[in-house]
Amino acid sequence: MTLEEALCTQAKLVARLEPRLGPRVGYKVGLTHPALQQRFGATAPVRGVLLEKMLLPDGATVPVAYGARPVVEADLLVRVGSEEVNAARTPGEALAALKEVIPFIELADLAMAEGAALNAALVTAVNVGARLGVLGPPLPVARLDPVVLETMEVVVEDGTGRVLARTPGSAVLGQPLNALLWLVQELRRRGEQLQPGDLVSLGAFSAPLTPAPGASIRVRYRGLPGEPQVTVTFR
């Protein structure tokens, strides 16, 4: 499968999902870590689509089997504030065109059978595993600096406070806003662009976790103002 065929497949899949999950509200950027790109034979990130009903409020409780192969990832969302984001060339310019930065736990679905040989095209075809996600309290960008997003520490904890993962913001393409800049360029190549209000998932900061019944996952963003956090529980 070529990447063009994969994007065609993705579009058809999303069209089938929209009647149940609502309209597109943004994008997901995946394969944002060099190790993942190498694993899937990719030379760049990939992108998927976020639909309205995929996004849940902070503290949501979801079924542990919400997908075929559910995995939990610490992530980060941004909300576009201005069309000027489409002309951004640097993290600073990108941040200036945003409205909010939002803590985000992605509840992805690997979709394929365990052991299946995956590559960037197949990951793209299944909409980069976009299934559900939980949003924390938004942070206005006026309180942020691009360097803070790069140097923050993303901490994943279970319901008892035990640390499951601890990762710097730079784990996503060296600087999380680089994922947004990549998406802007990718959309431009296809005659598309981001619109005010669009949400963008910037990518996973830590290795995926498998959810368990009764478990809770909390993600803290140390270094961001107020040390925001977001939580999800599984039933």
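Residues numbered from 1 in each chain as written. Predicted model: local features only at pLDDT ≥ 70, side-chain atom pairs only at ≥ 80, totals over all residues. Heavy atoms only, no water.

**A closer look at the environment of Q229**
Move 1: Tracing the backbone through its elements, the reader meets Q229 in strand β13 (residues 229–234).
Move 2: Among the residues examined, Q229 registers a relative accessible area of 28% and is labelled partly exposed.
Move 3: Taking the C-alpha atoms as reference, Q229 lies 7.7 Å from P137; in sequence the two are 92 residues apart.
Move 4: If we skip the residues at most four places from it in the chain, Q229 touches D58, P103, G136, P137, R218, V219 and R220. (Helix = DSSP H or I, 4+ residues; strand = E, 2+ residues; numbered from the N terminus. Buried < 20%, exposed > 50% of the residue type's maximum accessible area, 1.4 Å probe, protein only. Contact = heavy atoms within 4.5 Å.)

**So, the sheet that holds β13**
Move 1: Strand order in the open sheet formed by five strands is β4-β13-β12-β9-β10, with mixed pairing between adjacent strands. Each edge of the open sheet carries a strand with a single partner, namely β4 (61–62) and β10 (163–168).
Move 2: In the sheet, β4 pairs with β13 via two bridges, with the strands oriented parallel. By the bridge assignment for β13, T61 is matched with T233. (Pairing = 2+ DSSP bridges.)

**Here's the deal with the nonpolar core**
Move 1: Judged by nonpolar contacts, the single largest core of 50 residues is most densely connected at I105, L107, L180, L194, V219 and F234.
Move 2: Sequence-distant contacts of I105, that is, excluding residues within four places in its chain, are made with V72, E73, G133, V134, I217, V219, V230, T231 and V232.
Move 3: Ranked by size, the runner-up nonpolar core spans 14 residues in total, among them V14, L17, V49 and L55. (Core = buried A, V, L, I, M, F, W, Y, C linked by side-chain atoms within 4.5 Å.)

**A short note on helix α6 (residues 177–189)**
Move 1: Look at α6: 19 Å from first C-alpha to last across 13 residues, which is about the 18 Å you get at 1.5 Å a residue.
Move 2: Positive backbone phi, at 75°, marks G191, one or two positions downstream of α6. (Expected span 1.5 Å × (residues − 1).)

**Let's talk about the pairing of strand β9 (residues 153–158)**
Move 1: Counting buried positions along β9 gives five out of six residues, so the element sits mostly inside the fold.
Move 2: Of the strand pairs in this sheet, β9 and β10 are connected by five bridges, and their pairing is antiparallel. Within β10, the position partnered with E157 by the bridge is V163.
Move 3: From the end of β9 to the start of β10, which pair antiparallel, there are four residues, and G161 there has a positive phi angle of about 90°.
Move 4: As paired strands, β9 and strand β12 (residues 216–222) are joined by six bridges and run antiparallel to one another. Residue pairing for β12: V156 is matched across the bridge by V219.

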